[in-house]
Amino acid sequence: MKNIAVLGSTGSIGMQTLEIAREYADDIRVAVLAAHSNIELLEQQVREFKPGLVCVYDEDKARLLKDRVNDLDVRVTAGMDGLIACATDADVDMVVAAMVGMIGILPTVEAIKAGKDIALANKETLVTAGHIIMPLVKEKNIRLLPVDSEHSAIFQALNGEDRKNVYRILLTASGGPFHGMKKADLETMTAKDALKHPNWRMGPKITIDSATLVNKALEVMEAVWLFNLSIDQVKVIIHRQSIIHSMVEYADGSVIAQLGLPDMRLPIQYALFYPERKRMKLGERADFAKIGTLTFEEPDMETFYGLRLGIEAGRLGGSMPTVFNAANEWAVARFLKGEIGFMDIPRIIGKAMDNHEIIGNPSLDEILYTEKQTYDFIKGIMKI
Ligand code: NDP
Ligand code: MG
């Protein structure tokens, strides 16, 4: 029996993790749940899974939830202290980091320090603090298992191979809903347009990131940290069907890929049970005759220049990936509210990066300070 903490349990990845936990209840116990403020759904989850500990980041909502579940034997915590208590709870073997954004950094770091295995969906954490997290993973000898479908594919394609023979990674990207469009068309795209992803159903932030291709830039940086690569060893390739989830090209020219239908339950399940492969209970198996065609194209980095900026941020390193990520988090939140245009997202990221003086090898405090500094800078130029 594996005891898991699901941080971000009310989100897209969190809910799919709970679907798997429900299906494999003999193998997985949900010991801890955490979310930001959606206490309606969290209450249902608490009643179904009966965790011993819960965190609601929003303190007022935490108080409300406490009242609503006072008939149950569950401790309700709040704020960052609550999230860290959840990430380090003695009952927990594995933490599923499924929160969105940089808020995931501290709980993830504390979970690793407490010796927990991590199933990592929260890529923003690795993008900004990979240089702190990866050595800690080694020191604590824990497993950091990727949930992101591309990284799960790479991880699987590396199974049993000698890492020194890796030539490069071919990181596939669907291209998102605006594939093929040019800058002028993109200026007028709204959140409603951008939220129509062709292949995946995901939370709003990552869906916008997929439309701008910023998600792929974050994934390039995530891959660099997870698999100890140089940024030039990661090549992004547009693959509209999202059937090949990524590939590893070896020194001899052989390419090993992992394929499957676009369904996040597959990589989540792989991370939860690794190295065991459980028989599929949820979703469908791939029918290749039905899929028919797989296509590949170069990404258009001129139009979707958020991807180019992200790769540049990764190459510059230090605190620059934090600036890239924080500027993007800020811009996406405003775009979702209809306050800025679609192309303002890369524009704001570019301005924030231009303004930043890089801190080499930033500490956690410096990363969080850089995040705040980036928000302050953008608020200044946007006059909001
Ligand atoms: P969602 O927006 O669907 O869910 C986010 C979750 O995080 C919610 O449970 C939310 O709680 C919680 N959360 C947000 N802020 C806080 C906070 N301060 N404290 C505690 N919990 C918080 O996001 P996704 O599930 O789509 O994405 C989660 C992460 O996984 C992201 O980093 C994303 O990039 C990554 N990912 C997602 C994929 C997908 O298919 N969805 C695929 C690959 C990676 P509440 O509901 O209360 O707001
Ligand atoms: Mg992905």
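Residues numbered from 1 in each chain as written. Chains lettered and ligands numbered in written order. Predicted model: local features only at pLDDT ≥ 70, side-chain atom pairs only at ≥ 80, totals over all residues. Heavy atoms only, no water.

J.: Sorry, what's going on with the sheet that holds strand β3 (residues 53–56) here?
T.: Sheets are built from strands paired through backbone hydrogen bonds, the pairs being either parallel or antiparallel. The strand order β4-β3-β2-β1-β5-β6-β7 describes an open sheet built from 7 strands, whose pairing is parallel. On the outer flanks of this sheet lie β4 (75–78) and β7 (144–146), each paired with one strand and no other. When strand polarity is set aside, the average angle formed by the axes of neighbouring strands in this sheet is 20 degrees. In terms of strand pairing, strand β1 (residues 2–7) meets strand β2 (residues 28–35) through 6 bridges, oriented parallel. (Pairing = 2+ DSSP bridges. Helix = DSSP H or I, 4+ residues; strand = E, 2+ residues; numbered from the N terminus. Axes fitted to C-alpha atoms, helices over the stretch in contact; angles between N-to-C directions.)

J.: Sorry, what's going on with the coordination of the magnesium ion (ligand 2) here?
T.: Under ideal tetrahedral coordination, the four donors around a metal are separated by 109.5 degrees; under ideal octahedral coordination, the six donors are separated by 90 or 180 degrees. Binding of the magnesium ion (ligand 2) to the protein goes through Asp148 (OD), Glu150 (OE) and Glu219 (OE), at separations of 2.1 to 2.2 Å. Each donor residue of the magnesium ion (ligand 2) belongs to the same chain, with the gaps between them written as D-x1-E-x68-E. On the criterion of sequence distance, the pair formed by Glu150 in helix α7 (residues 149–157) and Glu219 in helix α11 (residues 214–227) is long-range, its members being 69 residues apart. With respect to class, Glu150 is no different from Glu219; both count as buried. (Donors = N, O, S within 2.8 Å, 3.2 Å for Na, K, Ca; no water. Buried < 20%, exposed > 50% of the residue type's maximum accessible area, 1.4 Å probe, protein only.)

J.: Help me understand the packing of helix α5 (residues 105–113) against helix α6 (residues 123–140) in this model?
T.: To characterise two packed helices, one gives the angle between the axes of the helices and the distance between these axes. Where α5 contacts α6, the two axes come as close as 10 Å, and the packing angle between them is 5 degrees. Here α5 is positioned roughly parallel relative to α6, judged by the angle of their axes. Contacts between α5 and α6 involve Ile105, Thr108, Val109, Ile112 and Lys113 from the first element and Thr125, Thr128, Ala129, Ile133, Leu136, Val137 and Lys140 from the second. Across the contact of α5 with α6, the residue classes tally to 7 nonpolar, 3 polar and 2 charged. (Parallel < 35°, antiparallel > 145°, perpendicular 65-115°, else oblique. Contact = heavy atoms within 4.5 Å. Nonpolar A, V, L, I, M, F, W, Y, C, P; charged D, E, K, R; others polar.)

J.: Whenever I open this one, the sheet that holds strand β9 (residues 234–238) confuses me. Can you help?
T.: The strand order across the open sheet built from 4 strands is β9-β8-β10-β11, with neighbouring strands paired in mixed fashion. This sheet does not close on itself; its edge strands, each paired only once, are β9 and β11 (255–259). The average undirected angle you get between the axes of adjacent strands in this sheet is 20 degrees. Both strand β8 (residues 166–173) and β9 contribute to a ladder of 5 bridges, which runs parallel. Opposite Ile169, over in β9, you have Val234 as the bridge partner.

J.: When you look at the side chain of Glu249 in this model, what are you seeing that I'm missing?
T.: Secondary-structure assignment places Glu249 in strand β10 (residues 244–250). At 2.8 Å, the side chain of Glu249 forms a polar contact with the side chain of Arg168. (Polar contact = N/O pair within 3.5 Å; in protein donor to acceptor, adjacent residues only side chain to side chain.)

J.: When you look at the site of ligand 1 in this model, what are you seeing that I'm missing?
T.: Around ligand 1 lies a shell of 26 residues, among which Thr10, Ser37, Asn38, Glu124 and Gly203 are the nearest. Between ligand 1 and Thr10, the relevant distance is 2.5 Å, taken from an oxygen atom to a side-chain nitrogen or oxygen of the residue. Contacts to ligand 1 include Ser12, whose backbone N or O atom sits 2.9 Å from an oxygen atom. Protein contacts shield 89% of the accessible area of ligand 1, which totals 900 Å² for the unbound molecule. Of all the elements in the fold, those that place two or more residues in the shell around ligand 1 are α1 (12–23), α6 and α10 (204–212). When its residues are assigned to classes, the shell around ligand 1 shows 13 nonpolar, 10 polar and 3 charged. (Near = heavy atom within 4 Å. Areas by Shrake-Rupley, 256 points an atom, 1.4 Å probe, with all protein chains shown as cover.)

J.: Before we go on, may I ask you to explain helix α12 (residues 265–273) in this structure?
T.: Owing to its 3.6 residues per turn, the α-helix aligns residues three or four sequence positions apart on the same side. Across the 9 residues of α12, 8 count as buried, placing the element largely inside the fold. Those residues of α12 that sit buried are Arg265, Pro267, Ile268, Gln269, Tyr270, Ala271, Leu272 and Phe273.

J.: How should I be thinking about the pattern of salt bridges in this particular structure?
T.: Any two side chains of opposite charge can pair, on the condition that their charged atoms come close. The tally for this structure, following the rule as stated, stands at 28 salt bridges. Its salt-bridge partner being Glu219, residue Lys216 comes within 2.6 Å of it at the nearest N-O pair. Of the two residues, Lys216 and Glu219 are both situated in helix α11; the distance of 3 residues between them amounts to about one turn of the helix. Residue Lys216 is classed as buried on the basis of its relative accessible area of 6%. Residue class for Glu219 comes out buried when judged on its relative accessible area of 1%. Lys372 is paired through a salt bridge with Asp376; the nearest N and O atoms lie 2.9 Å apart. Highlighted residues: Lys372 and Asp376, both in helix α17 (residues 364–382), separated by 4 residues, approximately one helical turn. Overlapping salt bridges, with partners in common, bring together Glu40, Glu43, Arg47, Arg68 and Asp71 in one network. (Salt bridge = Lys/Arg side-chain N within 4 Å of Asp/Glu carboxyl O.)

J.: Any chance you could explain the environment of Ile142 here in plain terms?
T.: Counting through the fold element by element, Ile142 comes out in the loop between α6 and β7. Along the chain, Ile142 and Ala114 lie 28 residues apart, while their C-alpha atoms are 9.6 Å from each other. If we ignore the near neighbours within four places in the chain, the residues touching Ile142 are Ile112, Gly115, Lys116, Asp117, Ile118 and Val137.

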